[in-house]
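Chain and residue survey
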Amino acid sequence: MGMLLGVSLCACVQVQPLDNPTEIRRTSFGVPHILAKNERGLGYGIGYAYAQDNLCLLANEVVTVNGERARYFGAEQSTLERRNNLTSDMFFTWLNTPQAVAAFWMAQTPQMQQRIEGYVAGYNRYLKERTAHGLPEQCQGAWVRAITPEDLVKLTRRLLVEGGVGQFAEALVGARPPDSTAGVLPAPQAFEVASANQQRFTLDRGSNAVAVGRDRSFNGRGMLLANPHFPWVGGMRFYEMHLTIPGQLDVMGAALPGLPVINIGFNQHVAWTHTVDTSKHFTLYRLTLDPKDPTRYLLDGKSVPMDKTSLTVQMKTADGGSKSQSHTVYSSQFGPVVQWPGKLDWNSQYAFSLRDANLGNDRVLQQWYAMNRAGSLKELQTSVHTLQGIPWVNTVAADDQGQSLYMNLSVVPNVSAKKLAQCSDPRAGLRFIMLDGAHSACAWDVDPRAAQVGIFPADQLPQLERNDYVQHSNDSAWMVNPRAPLTGFSPLISQDSIGLGARTRFALQRLQELDKQPITPADLQRMVMDNQVYLASQVMPDLLQFCKKDLGADATTLMPVCDSLKNWDQRANLDSGLGLVHFINLFKQLQHEPDVWQVDFDPAQPLTTPRGLAIDRAPVAKALREAMLASQVEVIKLGLNQDSRWGEIQVSGKTPIHGGPQELGIYNAMQSVPHKDGKREVISGSSYLQIVTFDDKGPKAEGVLAFSVSSDPASTYSQDQTQAFSRKKLSPLPFTEQQIKADPQYQLQVISEKDK
């Protein structure tokens, strides 16, 4: 069957090109507005335009999802995510088998297949044109090739498992029976990197969203703030575009690499965005092993053999040749066996399997396809209820009728609170759900109303429609709107009565401050761009009080730290002073200190607790003093002084970038990594920012793509929006034909498959 499916998929590229001219109209900042007569023509324009701007980026990601990095770059090199190439190749070879890719393709509608085929043809056309004139410096080599529909399917499947088994690549590849020496064994430091990447998942892929309804909006219509925090490099870097098929489709927004749909955006009647959710999208299963054979497990008292899948990848050798490396992946009926030293050990008694719900989600592209065409908030909601194709994010939306909507309707394993109590070890906690794999009764429940076997049906998942507002910043569904708490769900879906993140508390406080006046687009922009450090408002009085105490022998050393904190404006703007650096350093240390708060979290006061630093407690005072001393040593080592400003420290290339760590409650969350020169390079954070309102004529949108449209350093469009973002400048997003053609930077390119 798998061979037949593979043949079916390969046959798609034999479609004859159609004589349907596609227009690529670019406006300011090089934003492409793609106009076509049909799905294939639209895909053709998307692929061509994306290749113009991000040829090397997509070529690199295609190598990754095909499991060919070790073949071209060497086994010991790493991906952008710092994952060893050989481990990455084994994982993607396991994930993207010909059978799985072909099955995904066969599940797509004819319209989506046509759009994908067009994308492939458009990308390949530009690749051929560019090759004739010389490829960009960063992607010259045999690894750059024409792409196929299979490649786009593989990119989509990689996206699907980002919130699940994709975080366990090292553990999947590293799993082997006790005393076995065969296969690939990731180095111990690989698991340290993997653990850090797991911790950073919501930091690198977090988001803010606010949807305002008619009761709070300045004009009685819906209004949306979309502020996703996504990586600035690699396979999760957004691309801004506008897609139009006259009479059928008119949608603008941002898409991830290789996806021929808008992920976050707006159309004539609806605007929507996504935020990474806290729901669980996979569960672990503890397998009780047969004492006679660690590759067999006991299920309902019977010994069952694990399945074995043999993988082979090619590795580059020192002399430029290649050699094969093989590895065996073991699986139970619940999923692949994973092994994490010290956490999930495969020994003579137990092994652990991982079941990822999104491995069965072949509806994801059709989900965004339907959302792109939604003519009302109700249509958008109905599509998500019906398809259930959202992988690991919430949806926040508003429409031209003045309604706002929150949906935590992603793909979640159907494990009720009752089943969790019966089948899980409470000592494992709720970060990773661990179920008993010795009993088939602990398998996920099957509800015929769900779009996929083993997931919760839509009507059992959190959602809230309001006329005032809904908001979300990567917490559970509980406090989307404090006037209507969402409670009583399975812990796999959402937990209530737990502490809120600082960004959520900031957003709710800001929305409460605006309670007596209509909310305007400027108010939403200020939420992001004024760069308030929310946590500073909770603890700064205590920090300054500590500075007034007798600091003893450390007084002289600590004086500059105290002065910096006192003079700091408690923001993360370009001109914010050294106090911000010290504040970041202090809370990096204090977050691990127990009993650090004067007032602990109280579920009855979730918006105002915890708060205050417990500086009168000796352990906290000691930790604070040590953190301040260490911070002063660090800033001196980095060559910073009292005149240093944040815009001189946090940069993208040479462009200063405002915003800062989300742990501090900075809504404009930015993740940056230190360089030896004292600067910090932004790697993730505010990405595609859009504020959408509606009037009688349709949507009015402003936005900025913080890292710009092109990842090619030689492109005119590689830094222009980054510089605009640095200046806190949002620009109108041309949507109507009149607006597009009136743009001062308007350019038109007409392409057709017949003239390539």
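Everything numeric in this text was worked out from a predicted model, so none of it was measured. (Residues numbered from 1 in each chain as written. Predicted model: local features only at pLDDT ≥ 70, side-chain atom pairs only at ≥ 80, totals over all residues. Heavy atoms only, no water.)

Here's the deal with the overall build of the chain
So the rule is basically this: The secondary structure listing takes helices from DSSP runs of H or I that are at least 4 residues long and strands from runs of E that are at least 2 residues long, numbered from the N terminus. The reference for a compact globule is 2.2 Å times residues^0.38; the radius of gyration itself is calculated from the C-alpha atoms. Exposed residues in this analysis have more than 50% of their type's maximum accessible area, buried residues have under 20%, and partly exposed residues fall in between, with area computed by a 1.4 Å probe over protein chains only. By the convention used here, residues are in contact when the closest approach between their heavy atoms is within 4.5 Å. Only the protein chains shown count as covering a residue, and every accessible area follows the Shrake-Rupley method with a 1.4 Å probe.
Of the regular secondary structure elements, the chain holds 22 helices and 30 strands. Rg of the C-alpha trace for the chain: 26 Å, near the compact-globule value of 27 Å for 756 residues, within the 12% margin. Counting every position in the chain, which comprises 756 residues, the buried fraction comes to 60%. In the chain, of all internal contacts separated by at least 6 residues, the share reaching a separation of at least 24 is 69%. Carbon and sulfur atoms provide 51% of the accessible area of the chain, an area that totals close to 29200 Å².

Regarding the sheet that holds strand E1 (residues 22-26)
Just so we agree on the cut-off: A pair of strands is labelled paired if DSSP reports no fewer than 2 bridges between them. Angular values range over 0 to 180 degrees, each being the angle between N-to-C directions of two axes fitted as lines to C-alpha atoms, with helices fitted over their stretch in contact.
What the ten strands build is an open sheet, ordered E19-E17-E16-E8-E7-E6-E5-E2-E1-E30; its pairing is mixed. One side of each edge strand has no neighbouring strand; the edge strands of this open sheet are strand E19 (463-466) and strand E30 (747-751). Adjacent strand axes in the sheet meet at a mean angle of 15°, parallel and antiparallel pairs treated alike. Lying on the sheet, helix H2 (residues 39-65) is in contact with E1, strand E2 (32-35), strand E5 (239-245), strand E6 (249-255) and E30; it crosses E5 at an angle near 160°.

Here we look at unusual backbone geometry
Geometrically, the link from Thr609 to Pro610 is a cis peptide bond, its omega value of 0° lying close to zero. As for its placement among the helices and strands, Pro610 is situated in the loop between strand E21 (597-599) and strand E22 (611-613). Positive phi, normally seen in glycine, also occurs at Asp300, with a value near 55°. Tracing the backbone through its elements, the reader meets Asp300 in the loop between strand E10 (293-299) and strand E11 (302-305).

Things to note about H2
Owing to its 3.6 residues per turn, the α-helix brings residues three or four apart onto one side. Here is the rule we go by: Expected helix span is taken as 1.5 Å per residue step, with the number of steps being one fewer than the number of residues. We define the bend at each residue as the angle formed by axes fitted to the 7 residues ending at it and the 7 residues starting at it. Within 3.5 Å is the distance limit for a polar contact, defined as a pair of N or O atoms, with the added protein rule that one can donate a hydrogen and the other accept it, and that residues adjacent in sequence qualify only through two side-chain atoms.
Compared with an ideal rise of 1.5 Å per residue, which puts 27 residues at 39 Å, H2 spans 25 Å between its outermost C-alpha atoms and falls more than 12% short. Taking the largest bend as the criterion, H2 deviates by roughly 100°, centred on Asn54. Summarising burial for H2: 26 of the 27 residues are buried, a large majority. Near the N-terminus of H2, the side chain that reaches the backbone nitrogen of Arg40, with its oxygen 3.4 Å away, is that of Asn38. Just beyond H2, the residue with positive phi is Gly67, at close to 65°.

Considerations on the domain arrangement of the chain
What counts is decided by this rule: An automatic or database domain assignment provides the domain bounds reported here. Summed over both partners, the accessible surface that disappears when two parts come together, traced with a 1.4 Å probe, is what is meant by buried area.
What the domain assignment lists for the chain is domain 1 (33-162), domain 2 (209-275 + 363-412 + 455-518 + 706-755) and domain 3 (529-685). Computed from C-alpha coordinates alone, the two centres of domain 1 and domain 2 are separated by 25 Å. With 42 residues of domain 1 at the interface, the matching set in domain 2 holds 41 residues. Carbon and sulfur atoms make up 62% of the area that domain 1 and domain 2 hide from each other, which totals about 3600 Å².

Notes on the environment of Ser322
If you trace the backbone, Ser322 turns up in strand E13 (residues 322-332). C-alpha of Ser322 to C-alpha of Pro603: the two residues are 281 residues apart in sequence and 59 Å apart in space. Here Ser322 is in contact with Gln314, Met315, Lys316 and Thr317, once residues within four sequence places are set aside.

Topic: the packing of aromatic side chains
This is how the line gets drawn: Working definition: a ring pair exists when centres of Phe, Tyr or Trp rings (six-membered ring for Trp) sit within 6.5 Å. Plane angles under 30 degrees give stacked, over 60 give edge-to-face, the rest tilted. Charge-over-ring placement is defined geometrically: NZ (Lys) or CZ (Arg) within 6 Å of the ring centre, and within 35 degrees of the ring normal.
Counted by the stated rule, this structure contains 18 aromatic pairs. On the basis of an interplanar angle of 85° and a centroid distance of 5.5 Å, the ring pair of Tyr48 and Tyr126 is categorised as edge-to-face. Placement of the pair is Tyr48 in helix H2 and Tyr126 in helix H6 (residues 110-133), with a sequence separation of 78 residues. Ring centres of Phe583 and Phe587 lie 4.8 Å apart, and the angle between their planes is 40°; on these two criteria the pair is classed as tilted. With Phe583 and Phe587 both in helix H18 (residues 579-590) and four residues apart, this pair spans about one turn of that helix. Taken together through their ring pairs, the aromatic side chains of Phe168, Phe282, Trp340 and Phe432 make up a single cluster. The ring of Trp444 carries the charged tip of Arg355 above its face, separated from the ring centre by 3.7 Å.

Some thoughts on the pattern of salt bridges
As a reminder of what qualifies: Note on definitions: salt bridges are taken to be side-chain nitrogens of Lys or Arg within 4 Å of carboxyl oxygens of Asp or Glu.
The final tally for this structure, using the stated rule, is 29 salt bridges. Among the ionic pairs, Arg216 bridges to Asp515, the shortest N-O distance being 3.2 Å. Here Arg216, found in the loop between strand E3 (207-212) and strand E4 (223-231), pairs with Asp515, found in the loop between helix H14 (502-513) and helix H15 (521-529); they are 299 residues apart in sequence, far enough to count as distant. The closest approach of N and O atoms between Arg483 and Asp468, which form a salt bridge, is 3.3 Å. Within this pair, whereas Arg483 is found in the loop between strand E20 (469-472) and H14, its partner Asp468 is found in the loop between E19 and E20, the two being separated by 15 residues in sequence. Residue classification places Asp468 among the buried residues on the basis of a relative accessible area of 9%. Salt bridges sharing partners connect three or more residues here, namely Arg216, Arg466, Asp468, Arg483 and Asp515.

Quick word on the pairing of strand E12 (residues 307-316)
Successive side chains on a regular strand alternate, one facing one side of the sheet and the next facing the other. Summarising the sheet, E12 and E13 pair through ten bridges and their orientation is antiparallel. Paired with Thr309 across the two strands is Val329, which belongs to E13.

A few points about the packing of helix H16 (residues 534-548) against H18
Heads up, the condition is: Our angle categories are set so that under 35 degrees counts as roughly parallel, over 145 as roughly antiparallel, 65 to 115 as roughly perpendicular, and the remainder as oblique. Three categories are distinguished: nonpolar for Ala, Val, Leu, Ile, Met, Phe, Trp, Tyr, Cys and Pro, charged for Asp, Glu, Lys and Arg, and polar for the others, with Gly belonging to the last.
Here H16 crosses H18 at 90°, and the two axes come no closer than 12 Å. Overall, the two elements H16 and H18 adopt an arrangement that is roughly perpendicular. The residues of H18 that touch H16, namely those facing Leu535, Ala536, Val539, Met540 and Leu543, are Phe583, Leu586 and Phe587. The residue makeup of the contact of H16 with H18, split by class, is eight nonpolar, no polar and no charged.

A word on helix H17 (residues 555-567)
Over its 13 residues, H17 extends 18 Å from the first C-alpha to the last, a length consistent with the 18 Å expected when each residue adds 1.5 Å. Those residues of H17 that are buried lie in contact with H16, H18 and helix H19 (618-637).

As for the pairing of E6
Of all seven residues in E6, six are buried, a share of seventy percent or more. In this structure, the hairpin formed by E5 and E6 is closed by a connection of three residues, where Gly247 is found at a positive phi of approximately 80°. In this sheet, strand E7 (residues 264-267) lies alongside E6 in antiparallel orientation, the contact comprising four bridges. Across the sheet, Val251 pairs through a bridge with Asn267, a residue of E7.

Focus on the confidence of the model for the chain
Here is the rule we go by: Residue-level confidence of the predictor is summarised by pLDDT, bounded by 0 at the bottom and 100 at the top.
In the predicted model, the chain carries a mean pLDDT of 94, and 94% of its residues have values of at least 70. A low-confidence stretch, residues 1-8 stays under pLDDT 50, and its non-local contacts, those more than four residues away or across chains, total seven contacts. Across residues 10-16 the pLDDT falls below 50, and counting only partners more than four positions away or on other chains, this stretch makes seven contacts in the model.

Remarks on the packing of H18 against H19
For the record, the criterion: For a crossing to be left-handed, the near helix must be turned anticlockwise from the far one by less than a right angle; the clockwise case is right-handed.
For the pair H18 and H19, the least separation of the axes is 9 Å and the interaxial angle reads 135°. Here H18 lies oblique to H19, going by the angle between them. Between H18 and H19 the crossing geometry is right-handed. Seen from H18, the contacting residues are Val581, His582, Asn585, Leu586, Gln589 and Leu590; seen from H19, they are Ala623, Leu624, Ala627, Met628, Ser631, Gln632, Glu634 and Val635. Partitioning the contact of H18 with H19 into residue classes produces eight nonpolar, five polar and one charged.

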